[in-house]
Amino acid sequence: MTYKVFVDGQEGTTGLQINEYLAQRSDVTVLKIDADKRKDLAERKRLINESDVTFLCLPDDAAKESASLADNPKTCIIDASTAHRVNPDWVFGLPELAADQRAKIRASKRIANPGCHATAFILALRPLVAAGLLPAATQIAANSITGYSGGGKKMIADYEAASASPTQLKAPRPYALALAHKHLPEMQAYTGLTAAPIFQPIVGPFYKGLAVTAYLHPQQFTRSAGPADVQKILADYYAGERFINVLPVDLEATTDGGFYDVEANNGSNRVDLAVFGNAERMLVVARLDNLGKGASGAAVQAMNVHLGVEESLGLV
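Parameters and conventions
- Residues numbered from 1 in each chain as written.
- Predicted model: local features only at pLDDT ≥ 70, side-chain atom pairs only at ≥ 80, totals over all residues.
- Heavy atoms only, no water.
- Helix = DSSP H or I, 4+ residues; strand = E, 2+ residues; numbered from the N terminus.
- Buried < 20%, exposed > 50% of the residue type's maximum accessible area, 1.4 Å probe, protein only.
- Polar contact = N/O pair within 3.5 Å; in protein donor to acceptor, adjacent residues only side chain to side chain.
- Contact = heavy atoms within 4.5 Å.
- Pairing = 2+ DSSP bridges.
- Salt bridge = Lys/Arg side-chain N within 4 Å of Asp/Glu carboxyl O.

A. Representation of the side chain of Ser268. Position of Ser268 relative to the elements: it lies in the loop between α9 (251–254) and β12 (271–277). Of the residues examined, Ser268 reaches a relative accessible area of 2% and is grouped as buried. A polar contact of 2.7 Å, which involves the side chain of Ser268, links it to the backbone oxygen of Asn265. A distance of 3.1 Å separates the side chain of Ser268 from the backbone nitrogen of Arg270, its partner in a polar contact. Beyond its immediate sequence surroundings of up to four residues, Ser268 is in contact with Asp289, Gly292, Lys293 and Val316.

The following block contains the structure:
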């Protein structure tokens, strides 16, 4: 069977990479919009409703507008924006979230693609809350370092323009310092936490790659647990998951001389989860490609689940 797919916002970073994934597929026909009609509501509506799946790779307000154009009950909308991620009428597009999440994605025609930071944070913390090790009321502190591609076309252009300068944009840059990052609602909602984390991201002078680090204090736990216990909870939760790899508690094996490679999963849909530390303090680190499992790869994975085809089709 061949599926018709439309990418609304095909010129953006996420849209371009979704098109790259789809170009390799023999089971997909990509519906294209003429460049001069990209803002033509009637043409966009026609293509959305002609499709089996439409990806929305747009700013929030534009994504809401496009979603409102869909009136074909057979069309599935997968929204890569922030607009619908905690909307109860939309299903969160993270298949590994829970045992019943794939069934929800399969049944729904409205799927909200997770944010990149949120994907890493949720995958790292949800199993610990679900296991009862972390009380739901725990306020977690976390940071994230990410490549500049996560900032979209303008930030990419800024970094590429600055590449010839010996000083500009060469150092990591903390941002979202008002501690109100747009991913906070989904980070709280889908971990099971009742308090939003203290979350502070950093953009680095590299194209892509992301690692979220969550800080754990054993005195927060409901029972005695060391790094190996935390690692086992994660490993048990994600047993059999193709795209999630829980690393051993082995500093020498999981780092390069004590340094953790943020870019190790670039070009893939994989997530690595690692536990570091000791009996007094710990870190859980989740790394992924912010344009892969953090964006386009996740969207294609959700599409595969929804359509009932091999979940890893077109992904590595």
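B. Summary view of the side chain of His84. As for its placement among the helices and strands, His84 is situated in the loop between β4 (76–79) and β5 (91–92). Classification of His84 by relative accessible area gives buried; the value is 8%. Within the local environment of His84, its side chain forms a polar contact with the side chain of Asp79, the two groups lying 2.7 Å apart. In contact with His84, not counting residues within four places along its chain, are Ala63, Lys64, Ala67, Asp79, Trp90 and Ala112.

C. Structural view of the environment of Gly267. With respect to the helices and strands, the residue Gly267 is situated in the loop between α9 and β12. By relative accessible area, Gly267 is classed as partly exposed at 46%. Distance from Gly267 to Leu291, taken between C-alpha atoms, is 8.3 Å for residues 24 residues apart in sequence. The contact partners of Gly267, leaving out residues within four places of it in the chain, are Lys208, Asp289 and Val316.

D. Seen up close, the pairing of strand β10 (residues 210–216). Burial runs high along β10: six of the seven residues are buried. The pairing of β10 with strand β13 (residues 282–288) spans seven bridges and is antiparallel. The partner of Thr213 across the bridge, within β13, is Val285.

E. Looking closely at the pattern of salt bridges. Here the structure, examined in full by the defined rule, presents 17 salt bridges. A salt bridge links Lys232 to Asp236, with the shortest nitrogen-to-oxygen separation between them at 2.7 Å. In this pair, Lys232 and Asp236 are both assigned in helix α8 (residues 227–237), four residues apart and thus about one turn of the helix distant. Each of Lys4, Glu43, Arg46 and Glu50 takes part in a single network of salt bridges with overlapping partners.

Geometric values such as these leave the question of function open.
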